[in-house]
Amino acid sequence: MSRPQTLVGRSAIVTGAAQGIGKAIANDLARHGANVLIADMDGDKATATATAIAAEWGVKTTVSIGDLCTEDTNQAMLAAALAAFGKVDILVNNAGGGVIKNFLEHTPETLKTTIDRNLWTVIWGCRSVLPTLLEQGYGRIVSIGADSVRNGLWQHAAYNAAKGGVHGITTGLAREFAQSGVTFNSVAPCAVRTEQVDELMKSYPEAFEKFISVIPMARPGEMDEVASMVSYLVGEEASFVTGQTISVNGGSTML
Ligand SMILES: NC(=O)c1ccc[n+]([C@@H]2O[C@H](COP(=O)([O-])OP(=O)(O)OC[C@H]3O[C@@H](n4cnc5c(N)ncnc54)[C@H](O)[C@@H]3O)[C@@H](O)[C@H]2O)c1
């Protein structure tokens, strides 16, 4: 695929980018010319992803390894990006993932994990990186939410509590910092065909069919279909778009 170069000179952090949707996002930002830090708790996969992206697109990449639900890890991530690239322009809060269960079958541990992984990662990501973006008067923050917040998908109540918080911090920050040069948006995918979702399709075909039944296009999304929306939102062309949660969902909800 050709490289449009619209993000040349920009530096991006993508959390949860060792695999799945985050990896596709990091790859697409690099395809557009951005330097990319891969932040993830899986060190081996993060390093392999960073190495592959640098080799393919000729951009700088680096990694930051750790569990991003704490402030310290997010501060270390910011420091690693500044050390490697000299600046940060873009933060994509992608780390997350559901513990998908009927609400009353959750344990206190799975509830805590759900909120830590999907909401605290985003809160600490924004709190850690935002001051740097404000200081330079330019920035883009995109967080990955979920379309299930809008359609109340089966077994997603706890996950939706966290992802609804992601949509909520997006509008709040967009209002608070509307005139700062930093924009804040969320991208809300429906089921996306990652490696893990492929496994789910094989192991639980009935559950998967149910999740797909709410999608008018009758298929899961592709990772690149989510990544291209993120690349648009972090680019110059999206300068007047802030405070939005944009679904990439095959028509699953229509607002
Ligand atoms: N796949 C889907 O169908 C789907 C649908 C809607 C939303 N989403 C959201 O998209 C994002 C990416 O999902 P995915 O399907 O690619 O997931 P995935 O499980 O394939 O990848 C998630 C990555 O994030 C990392 N990660 C998770 N928690 C972390 C933490 N606390 N600290 C550091 N790294 C962490 C994991 O190590 C992994 O590399 C998530 O926020 C998820 O909730 C996914």
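Relevant structure appears above.
What you see is a predicted model, and the numbers here were worked out from it, not measured in a lab.

## Overview of the pairing of strand E1 (residues 11–15)
Moving on, step 1. In terms of burial, E1 is a largely internal element, 5 of the 5 residues being buried.
Moving on, step 2. Residues Ser-11, Ile-13 and Thr-15 line one face of E1 and the alternating positions Ala-12 and Val-14 line the opposite face, and both faces are buried.
Moving on, step 3. Two strands pair when backbone bridges link them, and E1 and strand E2 (residues 35–40) are joined in this way by 5 bridges, in the parallel orientation. Residue pairing across strands places Ser-11 opposite Asn-35, the latter belonging to E2.
Moving on, step 4. Read from E1 through helix H1 (residues 20–31) to E2, the crossover connection turns out right-handed.
Moving on, step 5. One ladder, built from 3 bridges, connects E1 with strand E4 (residues 90–93); its direction is parallel.

## As for the pairing of strand E3 (residues 61–65)
Moving on, step 1. Of the strand pairs in this sheet, E2 and E3 are connected by 5 bridges, and their pairing is parallel. In the sheet register, Ile-38 faces E3, and the bridge partner there is Val-63.
Moving on, step 2. Crossover handedness for the path E2 to helix H2 (residues 43–57) to E3: right-handed.

## Here we look at the site of the ligand
Moving on, step 1. By nearness alone, 28 residues border the ligand, and Ile-21, Asp-40, Asn-94, Tyr-159 and Val-192 come closest of all.
Moving on, step 2. With respect to the ligand, the side chain of Asp-40 contributes an N or O atom lying 2.6 Å from an oxygen atom.
Moving on, step 3. Within the backbone of Asn-94, an N or O atom sits 2.7 Å from an oxygen atom of the ligand.
Moving on, step 4. Relative to its free-state accessible area of 830 Å², the ligand is covered by the protein chains to the extent of 90%.
Moving on, step 5. Sorting the residues of the shell around the ligand by element identifies H1, helix H4 (108–136), helix H6 (157–176) and helix H7 (195–203) as the ones contributing at least two each.
Moving on, step 6. At 3 residues, the largest contribution of residues to the shell around the ligand is made by H4.
Moving on, step 7. Its residues placed into classes, the shell around the ligand shows 12 nonpolar, 12 polar and 4 charged.

Calculation notes
- Residues numbered from 1 in each chain as written.
- Predicted model: local features only at pLDDT ≥ 70, side-chain atom pairs only at ≥ 80, totals over all residues.
- Heavy atoms only, no water.
- Buried < 20%, exposed > 50% of the residue type's maximum accessible area, 1.4 Å probe, protein only.
- Helix = DSSP H or I, 4+ residues; strand = E, 2+ residues; numbered from the N terminus.
- Pairing = 2+ DSSP bridges.
- Right-handed = clockwise from strand over helix to strand, strands pointing away.
- Near = heavy atom within 4 Å.
- Polar contact = N/O pair within 3.5 Å; in protein donor to acceptor, adjacent residues only side chain to side chain.
- Areas by Shrake-Rupley, 256 points an atom, 1.4 Å probe, with all protein chains shown as cover.
- Nonpolar A, V, L, I, M, F, W, Y, C, P; charged D, E, K, R; others polar.

Distances and angles like these do not, on their own, reveal function.
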